[in-house]
Amino acid sequence: FNGVIMCVLMFARQQRRSEQVYSSVPGLTYHNSPTLFILFQVVCLLLGFRSLVMDFHFTLISLFFCWSYLRFYYRYNEFEPAGDKSEDFSFVAMFPEPLHIVLIPFTTAFYNLFAIVGLFPALEPVEKKL
């Protein structure tokens, strides 16, 4: 069931972006809710509460597939191209800034593998501004 929760959290992340989930908890936004949900499950695993996270592998699979679907295939309306190509909905943006330097090479490699197979569009070259 945690995979379904991850899908709902990912959709809320895309729709609500940086809105606060609860006004009394300023750091808890929809943008970081999928990451916090995975962190909660990892803590439960480490503390031995395995009954709460028996389907942890489905949560991880849901994270990737839900993000991929919303990023590349979901049609928000019939007049725009499919997917959400905004920078704040990138996969790496889901994680804290200090982890980006570690995650970017891995996510780029996996993205290129999926692009070679034809599941994702090829990466567009980015021109650096001086």
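The structure presented is a predicted model; accordingly, all values stated were derived computationally and were not measured.

Enquirer: Any chance you could explain the nonpolar core here in plain terms?
Expert: For soluble globular proteins, the rule of thumb is that nonpolar side chains tend to be buried together. Counting 19 residues, the largest nonpolar core has M10, L63, W67, F91 and M94 as the members making the most contacts within it. Among the secondary structure elements, those contributing two or more residues to this core are helix 1 (2-16), helix 2 (33-47) and helix 3 (56-73). Residues within four places of M10 in sequence aside, it is in contact with P34, L63, C66, W67, L70, F89 and M94.

Enquirer: Sorry, what's going on with the state of the cysteines here?
Expert: Note: disulfide means a covalent bond formed between the sulfur atoms of two cysteine side chains. Following the criterion strictly, the structure yields one disulfide and no others. The residue that forms a disulfide with C7 is C66, at a sulfur-sulfur distance of 2.4 Å. You can see C7 sitting in helix 1 and its partner C66 sitting in helix 3, a full 59 residues away along the chain. A relative accessible area of 11% means that C66 is categorised as buried.

Enquirer: How should I be thinking about the packing of aromatic side chains in this particular structure?
Expert: The way to describe two aromatic rings as a pair is by their centre distance and the angle between their planes. Taken as a whole and judged by the stated rule, the model has two aromatic pairs. Aromatic side chains F64 and F91 sit 5.4 Å apart centroid to centroid with 25 degrees between the ring planes, which places their arrangement in the stacked category. With F64 in helix 3 and F91 in the loop between helix 3 and helix 4 (100-117), this pair connects stretches of sequence that are 27 residues apart. Of the residues examined, F64 reaches a relative accessible area of 43% and is grouped as partly exposed. Under the relative-accessibility criterion, F91 is labelled buried at 11%. On the basis of an interplanar angle of 70 degrees and a centroid distance of 5.3 Å, the ring pair of W67 and F91 is categorised as edge-to-face. Of this pair, W67 sits in helix 3 while F91 sits in the loop between helix 3 and helix 4, and the two are 24 residues apart along the sequence. Counting every residue linked through ring pairs, the aromatic cluster contains F64, W67 and F91.

Enquirer: Help me out: how do you make sense of the packing of helix 1 against helix 2 in this one?
Expert: Think of two packed helices as two axes; the pair is described by the angle between the axes and how far apart they sit. Following both chains from N to C, one finds helix 1 and helix 2 inclined at 155 degrees, their axes separated by 8 Å at the closest point. Here helix 1 is positioned roughly antiparallel relative to helix 2, judged by the angle of their axes. Facing helix 1, whose interface residues are N2, I5, M6, L9, M10 and R13, helix 2 presents S33, P34, F37, I38 and Q41. Its residues assigned to classes, the contact of helix 1 with helix 2 comprises seven nonpolar, three polar and one charged.

Enquirer: How should helix 2 be read in this particular structure?
Expert: Because each turn of an α-helix spans 3.6 residues, side chains separated by three or four positions in sequence point in the same direction. Here helix 2 spans 21 Å end to end across 15 residues, near enough to the 21 Å set by a 1.5 Å rise per residue. Those residues of helix 2 lying buried are S33, P34, T35, F37, I38, Q41 and C44. On the buried face of helix 2, the contacting elements are helix 1 and helix 3. G48 sits one or two positions beyond helix 2 and adopts a positive phi of about 95 degrees.

Rules of the game
- Residues numbered from 1 in each chain as written.
- Predicted model: local features only at pLDDT ≥ 70, side-chain atom pairs only at ≥ 80, totals over all residues.
- Heavy atoms only, no water.
- Core = buried A, V, L, I, M, F, W, Y, C linked by side-chain atoms within 4.5 Å.
- Buried < 20%, exposed > 50% of the residue type's maximum accessible area, 1.4 Å probe, protein only.
- Helix = DSSP H or I, 4+ residues; strand = E, 2+ residues; numbered from the N terminus.
- Contact = heavy atoms within 4.5 Å.
- Disulfide = S-S within 2.5 Å.
- Phe/Tyr/Trp six-rings, centres within 6.5 Å; stacked < 30°, edge-to-face > 60°.
- Axes fitted to C-alpha atoms, helices over the stretch in contact; angles between N-to-C directions.
- Parallel < 35°, antiparallel > 145°, perpendicular 65-115°, else oblique.
- Nonpolar A, V, L, I, M, F, W, Y, C, P; charged D, E, K, R; others polar.
- Expected span 1.5 Å × (residues − 1).

Function cannot be read off these values alone, since they describe shape.
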